[in-house]
Each structure stands twice: as C-alpha cells, then as structure tokens.
Amino acid sequence: MAEKKWVYVFNELDQASKYVGGAWDDVRGLLGGKGANLFEMYRIGLPVPPFFTVTTEACNAYLAAGEKFPEGMWEQELEALKKIEEASGKKFGDPSNPLLVSCRSGAKFSMPGMMDTVLNIGLNDQTVEGMIKLTENPRFVYDSYRRLIMMFGSVVLGLPDEAFEEPMDEFKAHKGAKADTDLTAEDLKELSEIFKKVVREQKGFDFPQDPIEQLRLATEAVFKSWNGKRARDYRRAENIPDNLGTAVNIVTMVFGNMGWDSGTGVAFTRNPSTGERKVYGDYLLNAQGEDVVAGIRNTEPIEKMVEKLPEAYHQFMQICELLEKHYKDMQDMEFTIERGKLWMLQTRNGKRTARAAVKIAVDMVHEGLIDRKEAIKRVTPKQVDALLHPQFDEEGKKKAKKEGRFFASGVNASPGAAVGRVYFDADTAERMAKEEGQDVIMVRPFTKPDDVHGMLAAKGILTSEGGATSHAAVVARQFGVPCVVGASAVRINLEKREMTANGIVVKEGEWISVDGGSGEVYLGKLDLTVPKLEEQKDLLTLLQWADEI
Ligand SMILES: Nc1ncnc2c1ncn2[C@@H]1O[C@H](COP(=O)(O)OP(=O)(O)OP(=O)(O)O)[C@@H](O)[C@H]1O
Ligand SMILES: [Mg+2]
C-alpha cells in the first residue's frame, strides 16, 4: 500500500481533489481554506509564491498521538521543501542563496488571526550574511531577522509579546526613533542581538540556528495553535467543530520590507462595512504583512498606492475583479509587493457587516453574478435583525457636541451604536459583562487575537491604533460589535486605568458612547432611535425575493 499522503505541493491540487472525491468543500476540509485558495489562485495563473500544504489530517493525527508527527509526514515535508527550492531557485539554509519561508495556519473555516504564523523562517547568523550580499540591503535583512526571532519567540517558544515589545520600545526611545522605519541597519542588528538575549534569558537556551529545526518547531506550533485559547473561544462563538484541525502552509517568503518600492496590504473587493462596490483596503510601504493585519501600525488607504506603485496597483485591481468573478463573492485578500512585483498571499470570502451583506447580495443579483435564491442564503436572520437595531439619534449627537461631550474620532470599523462602561483589558471586560451584567466598552491601544473573549462580551470596542482591515476590525464586524479603531488622539494609560483625548479624562468604569458607523466617540450615554424598515431599500428587496421563492 502506498504511504499516506500528508503533504501537497502547489501544483498538486488535482491529486488532493481526487483524494477527497472532488467536492471543493472537502478540498477545503483537507487543505484548509487558506491552503485551498492558494492552490486555486496558483491554478488560475495568479502570482503566488511557491508553497506546499501539510493537511488537516496530519494535524489531527499529530494532536491525537499526543503531539507526535504521523509516520512519513516529516519526510514528505522535507521532500516538498526540495520542490519549492527548485521552483524558487533558492536553497533553504544555504548562505549563498537562502530560501526563506513562512509557516502559516489555515483551517477549513477562516478564523482571522486566531491561530499562529511565523515569517522569515530560515534566517540565522549565516544566512543573514548571505542575504546581505545578495540584496545589498542590510537594513531589510536585519529587520527580517529581528521579526523572525520575535515571532518565533512568541509563537513557538511561548514568550509573551511584551518580552520583545518592551525592549523594542525602550530601544526605539533610546535611539530617538518614532517609527520602526526610522531604525537603521545597525540599529536592527543590535535589536536582533537584544532579542536573542531575551530568548536566552527567558528560555535558558539559544534561538535555534538550524533552519530545519526552525521549520519543524514552527510546524508543530501551528498544529498546537488549533487548541490555543483564542482559537477555542472563537470556535465556540462561531459554532465551528473542534475536530477539524488546521492545515500548515509553508510559503516562499516575498518581501514587502525591501525598501520604498516594496509594501504589503490587505484589501476587500467591496467595502465590508457598507457593501459599496469599490476596492477597500489598507497598505504600508516598506513593511511585512503582519504590520497591517495585527493593526500595530497606522496604514494608508489603498487608493494612495497608485501614486507610489502604479503598476502593481493596476495589476492588483484587475486581480480583484477576476477573483470576485471566480468566487462569485466579495473577497478579502492579502498581498505583498517586492521591488515592484506583486504577489498574492491569501484570498477568502470576506467577513462583512449585516448592512454590507444585504447590499452585496442584492447588488450581485443585479450584476448577474448570483441568483436570488443564493442572495437570500447569504443573509442570516441574525443579520436582518441587526439592521433593525437602534442607532444614535443625529439630533442627540449634535446636542452632545454642543455640550462638549465629543471625545474623539477614529476609523469607523464596524457600524452600530454602543453605550457602556469603559474597561481597559479583555479579562476585566468579560468579567464585568458576564458576572456583573454590565454594558461594557472594551478600550485597548490595539486589540490582539488574544482579546477575542473580551470583544465578544463587549457592547462596543475602541482602539487608539490600527486600521479597518486589522483582525480586530474584522472580528468586530463579523460578530456585529460596533467598533472604532485608530482613534489616534486617544492616549491610554493602562497603569492609571484611564484614557485622555483633547484634554478630557475618562476613567475605568465611566460611560461612553461609541458610534461604529461614523467613527465618533462621546462621553456619557447618547440617545438611541430605531431605524425604519421602509428606509432600507436593499433589505426590502431581499425580503420581497424571499417571499416570492
Ligand atoms: N510567504 C510570505 N511572504 C510574505 N508575507 C507573508 C508570507 N506568508 C504570510 N505573510 C503575511 O504575514 C501575515 C500573517 O500571515 P497569515 O495570513 O498566515 O496569518 P494571519 O493573516 O495573521 O491570520 P489568518 O489565518 O486569518 O490569515 C499576513 O499579512 C500575510 O500576508
Ligand atoms: Mg492572513
């Protein structure tokens, strides 16, 4: 009997499909949604870096065996690595021409940011030197190296993010650097040494220098992240079964941080908040993908990309159209531009608000992409209900402004009106909501996937950093929690448990009102009004179709 196949290389979609019996849903089950869509993008000729996928079956076997790789899996992974070495013309661990890879989670159903990913695997003290010779760009290479040590340290070795963030903030302050991009090559080299020291001191061993060891440990970490707390919290909220497992995607690294002709971004083919038919997204020049999705840097709107990287921009716009027609649904995509060349790293059906779900479903019928029956299927009863939820009254907002109760504004990441008491961390927010029955607004500098339990318990969310495509915003929209992100005037003092903006101080436990539709935040409780059904044209159209069928 042939050995069981645990690993599929980028051009083996047909084999995977045959193995599961041909249904796309089962392909997604085997390869995970992220993996399956990478294969599909490759198949239809889009620029995807060479990759392979370790199946969800391997993950389940690994977890069932008490965290041991099933027989043959690791050998197959190493074989597949050779194939992507051939395709990319680089060699893993070879200082003269090193291949770097990412190790990415990806379950059947997308769980934005809930599991782990490690970028830049394959860098070590030797390959760093080789990369510098090849790229003549030491700044980029050390930036990638410090990122690897940081991600590896937190994801694989289980160190808290602060173990790296604090020394990094201190270092930046010491160097007088405001943004990460102000750090020089020398600075970043120093920073990677500081990070290595963090690993040594906190773990009692050195950051692993052997690329193969890095790959093995990262693969295991991604398998294990299926059972991480935030992944479990999310699955419960979304009714996703616990026994699906995650696939692991090993993807040749492409670099958005190679200089100012490189960048990275996230975009939706339509506005996920309003449903408007216009590409909506964020990007950053000279950065790696996690800077955008984690919401740790304030991004630029995608339209601006046309000025800086016109060719890649136009190509990307064409791909948006193509992918939407292909999947017949709004897509949420990740891309990276390396020295002007565009690479696609992910596509999935985009999470959206209730309002956007209705508008997109109706518009797509008019555009001939889907039929009426399909449109009705795409809107849940819960979403219809959400559209009839109370909104802030415009007159009430004007009055509050006059009374000096306007606090701050940010990006309107998830619409709806939320009134509640302010709490500054996810655990307290959850406790106050669950045990005390309070209406809670969770306020954070930025939210991390670890905060998902607080986000679910909150009536509303406010962050001072991050953009509308950050995972915080995606999760808020999906669960219909009103959310304002990137309210940059807000300074949060986690020690004093208070925040300030425009000279106004709000202490923990005080009431605020968050308008996720306009991005505004007010002090105290604003009045609410119930929206009128007869004003919601798209919803009426959809309800009428439902009656007719
Ligand atoms: N090979 C690669 N080259 C460049 N960037 C990459 C590569 N692999 C992943 N990235 C980027 O790193 C970031 C994190 O990756 P990934 O998509 O695996 O996880 P995530 O976006 O945090 O969560 P999700 O599982 O919801 O997609 C993304 O911005 C992605 O585009
Ligand atoms: Mg992603």
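Relevant structure appears above.
Predicted model, so just to flag it, every value in this text is computed and none were measured.

**Focus: the side chain of Asp 515**
- Along the chain, Asp 515 turns up in strand β23 (residues 511-515).
- Polar side-chain contacts of Asp 515 include one of 3.2 Å to the side chain of Ser 518.
- Setting aside chain neighbours within four positions, we find Asp 515 in contact with Phe 392, Lys 397, Gly 416, Val 484 and Glu 520.

**Observations concerning the sheet that holds strand β22 (residues 504-507)**
- One open sheet accounts for three strands, arranged β20-β21-β22; its pairing is antiparallel. One side of each edge strand has no neighbouring strand; the edge strands of this open sheet are β20 (491-493) and β22. Each adjacent strand pair in this sheet contributes to an overall mean axis angle of 20°, direction not counted.

**Description of a nonpolar patch on the surface**
- A grouping of Leu 388, Leu 533, Leu 540 and Leu 543 is seen on the molecular surface, where their side chains present a nonpolar patch of about 270 Å² in accessible area.
- Tracing the backbone through its elements, the reader meets Leu 388 in the loop between α16 (381-387) and β13 (391-392).

**Re the packing of aromatic side chains**
- Taken as a whole and judged by the stated rule, the model has 14 aromatic pairs.
- Aromatic pair Tyr 62 and Phe 69: ring centres 5.6 Å apart, planes at 45°, arrangement tilted.
- Between Tyr 234 and Phe 479, the aromatic rings sit 5.7 Å apart at their centres with planes inclined by 80°, giving edge-to-face as the arrangement. With Tyr 234 in helix α10 (residues 229-238) and Phe 479 in helix α20 (residues 471-479), the pair connects residues that are 245 residues apart, well separated along the chain. Residues Tyr 234 and Phe 479 agree in their burial class; the two are buried.
- The lysine or arginine in question, Arg 235, covers the ring of Trp 226, its NZ or CZ lying 3.8 Å from the ring centre.
- Taking the ring centre of Trp 511 as reference, the NZ or CZ of Lys 525 above it sits at 4.1 Å.

About the cut-offs
- Residues numbered from 1 in each chain as written.
- Chains lettered and ligands numbered in written order.
- Predicted model: local features only at pLDDT ≥ 70, side-chain atom pairs only at ≥ 80, totals over all residues.
- Heavy atoms only, no water.
- Helix = DSSP H or I, 4+ residues; strand = E, 2+ residues; numbered from the N terminus.
- Polar contact = N/O pair within 3.5 Å; in protein donor to acceptor, adjacent residues only side chain to side chain.
- Contact = heavy atoms within 4.5 Å.
- Pairing = 2+ DSSP bridges.
- Axes fitted to C-alpha atoms, helices over the stretch in contact; angles between N-to-C directions.
- Patch = residues over 30% accessible without salt bridge, like charges linked within 9 Å, V, L, I, M, F, W, Y side chains within 5 Å.
- Areas by Shrake-Rupley, 256 points an atom, 1.4 Å probe, with all protein chains shown as cover.
- Salt bridge = Lys/Arg side-chain N within 4 Å of Asp/Glu carboxyl O.
- Phe/Tyr/Trp six-rings, centres within 6.5 Å; stacked < 30°, edge-to-face > 60°.
- Buried < 20%, exposed > 50% of the residue type's maximum accessible area, 1.4 Å probe, protein only.
- Lys NZ or Arg CZ within 6 Å of the ring centre and 35° of its normal.

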